[in-house]
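# Secondary and tertiary structure notes
Single-letter residue listing:
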Amino acid sequence: MQASPGMDPEAIEVVYRVRAAAPDLASRVEALLLEQTVELPRSALRTAFVREHLVGRVVGMEEVGAGDFRVTLAQPAIAAADDPAQLLNVLFGNCSLQPEIELEDLRLPAPLTARLGGPRFGIAGIRRLTGVHGRALTASVLKPVGLTVSEAASLCRTLALSGLDIIKDDHGLADHSFCPFAERVKACLAATAEAAKATGRRTAYVPNLIGPPGTVMHQAWRAKQLGAQAVMISPMLLGLPFLNEIVGEIGMPVFAHPAFGGSLRIAPPALLGKLFPLYGADAVIYPNFGGRFSYGRDVCAGIAGALRAPGPGVAPAFPVPAGGMKLEAMASVLEFYGADTVVLLGASLLDSPDDEALLSRSRAFVAAVHAFPYKR
């Protein structure tokens, strides 16, 4: 999101969609403006400091449909206290509880952007990690939940033999008794190392981290100790502030999964395309259009565009479209997204009758991505 003309560069600019009757709009917007910081009517603000420094202003109001308005507010950056969690409170704290409000977009002042740090690796870092340049990256997933350690490792080896760039855990793979985290990571890393002897290059295995924050931080360090070069978390399950903390600690690329991301009234390009990378995600997985989720082409284009062109002070992050994509539609997917993409196929590969068929389909996927005529 670009700053509005005349916008204070030190303010937090927030865009909401507001459903209200036109005669009630001004009072509704006033209430929204105050709710996110002082949480009192102006008449109750007794001190000059509060009135002058903690109350934002309305930048614009635009009707986009019957009873549907796009409202832009400028909130004082001081209200965020230079804190990742408090920033979310200012953006979408109390108003997230109001069904007529949706967070649509945001722009942060440079100091707050610098405080969050954005992706530590992003597109460039993941390309260095995988050694892939000039084309999209190929990825698949270990699933379903219920695999034993040996079954997960066997599946990982078969996928790696096809030449995939990345194999990640399913977001549902936790520290289950039937497939413990550390044992799974060790076995899958061994499987990719074994496959590399045949293929000549190592597939990056990305384990899923999940649990309470202390557990997840321990998993991250254990994965790194075992040799993992990237990890995956679900920021909406664990918290965006925790994502921001962990990326600053572990020194590895972090893939972000969108699980639980539909629980809030936030436009997907704002949540997945802006907030996830601002808080540190290097690659963001999201549902592609035409699959088993309801995102449309425009939404997916908005997410990918926001990830790859984030603005000053934030490194570009990889879009990772997923969710029901088909191998047979790979050309149209690559035509839509281009080279700076990680293409993630799951069921389209895994729905194979045996390992031989799985290997064949995976190799066909790799070949299609390698051969596509990318625009330079």
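Heads up: these notes are all about the structure in this document.

Here we take up the side chain of Arg127. Of note, Arg127 is situated in helix H5 (residues 122-130). Overall, Arg127 belongs to the buried group, its relative accessible area being 7%. In this view, Arg127 contacts Val132, His133, Gly134, Arg135, Leu137, Phe318, Ala339 and Asp340; residues no more than four positions away in its chain are not counted.

Relative to the elements of secondary structure, Phe178 occurs in the loop between strand S6 (166-169) and helix H7 (181-199). Sequence-wise, Phe178 and Thr148 are 30 residues apart; in three dimensions their C-alpha atoms are separated by 5.6 Å. Leave out the neighbours within four places in its chain, and Phe178 touches Val145, Gly146, Leu147, Thr148 and Val149.

Attention shifts here to the nonpolar core. Across soluble globular proteins, nonpolar side chains have a tendency to be buried as a group. The biggest cluster of nonpolar side chains holds 106 residues, and the ones touching the most others in it are Ile12, Tyr16, Leu87, Leu142, Ile246, Phe276 and Phe365. Here this core gets eight residues from one element, more than from any other, and that element is helix H6 (residues 149-161). The contact partners of Phe365, leaving out residues within four places of it in the chain, are Thr138, Ala139, Leu164, Leu327, Met330, Val343, Leu345 and Leu349.

Attention now moves to helix H10 (residues 240-250). Residues of H10 that are buried include every one of Leu240, Phe242, Leu243, Asn244, Ile246, Val247 and Ile250, and no others. The first or second residue beyond H10 is Gly251, which carries a positive phi of 65°.

Turning next to the sheet that holds strand S12 (residues 342-344). As summarised here, the arrangement of the four strands in space is S7-S6-S5-S12, forming an open sheet in which the pairing is parallel. The open sheet has two free edges, formed respectively by strand S7 (204-206) and S12, since each of these has just one partner strand. Looking at each pair of strands side by side, their axes are set apart by 25° on average, direction ignored. Pairing of S6 with S7, which is carried by three bridges, proceeds in the parallel orientation. Along S7, the bridge assignment pairs Lys168 with Val206.

The subject of this paragraph is the packing of aromatic side chains. If you walk through the whole model with that rule in mind, you get four aromatic pairs. Taken together, a centroid distance of 6.4 Å and an interplanar angle of 65° make the contact between Tyr286 and Tyr337 edge-to-face. Pair noted here: Tyr286 is in strand S10 (residues 283-287) and Tyr337 is in helix H13 (residues 330-337), with a separation of 51 residues, a long-range link. For the residue pair Tyr286 and Tyr337, the accessibility class agrees, reading buried in each case. For the ring pair Phe336 and Tyr337, a centre distance of 4.8 Å and an interplane angle of 85° mean the geometry is edge-to-face. Accessibility expressed as a relative area gives 4% for Tyr337, which makes it buried. Through pairs of rings, three or more aromatic residues link up here, namely Tyr286, Phe289, Phe336 and Tyr337.

What the rule picks out here adds up to 16 salt bridges. Salt bridges sharing common partners tie together Arg17, Glu62, Asp68, Arg70 and Glu104.

Next up on the list: the packing of H7 against helix H8 (residues 213-226). Running from N to C, H7 and H8 point in directions that differ by 30°, and their axes come no closer than 10 Å. Between H7 and H8, the interaxial angle falls into the category roughly parallel. Seen from above, H7 lies across H8 with right-handed handedness. In this structure, H7 uses Phe181, Ala182, Val185, Lys186 and Leu189 to contact H8, whose residues at the interface are Gln219, Arg222, Ala223 and Leu226.

Take the pairing of S10 next. With five of five residues buried, S10 is to be regarded as a mostly interior element. What you see with S10 is no split at all: Ala283, Ile285 and Pro287 on one side and Val284 and Tyr286 on the other are buried throughout. With two bridges connecting them, strand S9 (residues 254-256) and S10 associate as parallel partners. Residue pairing for S10: Ala256 is matched across the bridge by Val284. Between S9 and its parallel partner S10, the chain crosses via helix H11 (residues 268-278), and the hand of that crossover is right-handed. One ladder, built from five bridges, connects S10 with strand S11 (residues 318-322); its direction is parallel. Following the sheet pairing, Ala283 is matched in S11 by Phe318. Handedness of the crossover is the feature at issue here: the chain leaves S10, passes through helix H12 (residues 297-308), returns alongside S11, and the resulting connection is right-handed.

Parameters and conventions
Residues numbered from 1 in each chain as written. Predicted model: local features only at pLDDT ≥ 70, side-chain atom pairs only at ≥ 80, totals over all residues. Heavy atoms only, no water. Helix = DSSP H or I, 4+ residues; strand = E, 2+ residues; numbered from the N terminus. Buried < 20%, exposed > 50% of the residue type's maximum accessible area, 1.4 Å probe, protein only. Contact = heavy atoms within 4.5 Å. Core = buried A, V, L, I, M, F, W, Y, C linked by side-chain atoms within 4.5 Å. Pairing = 2+ DSSP bridges. Axes fitted to C-alpha atoms, helices over the stretch in contact; angles between N-to-C directions. Phe/Tyr/Trp six-rings, centres within 6.5 Å; stacked < 30°, edge-to-face > 60°. Salt bridge = Lys/Arg side-chain N within 4 Å of Asp/Glu carboxyl O. Parallel < 35°, antiparallel > 145°, perpendicular 65-115°, else oblique. Left-handed = near helix turned anticlockwise from the far one by under 90°. Right-handed = clockwise from strand over helix to strand, strands pointing away.

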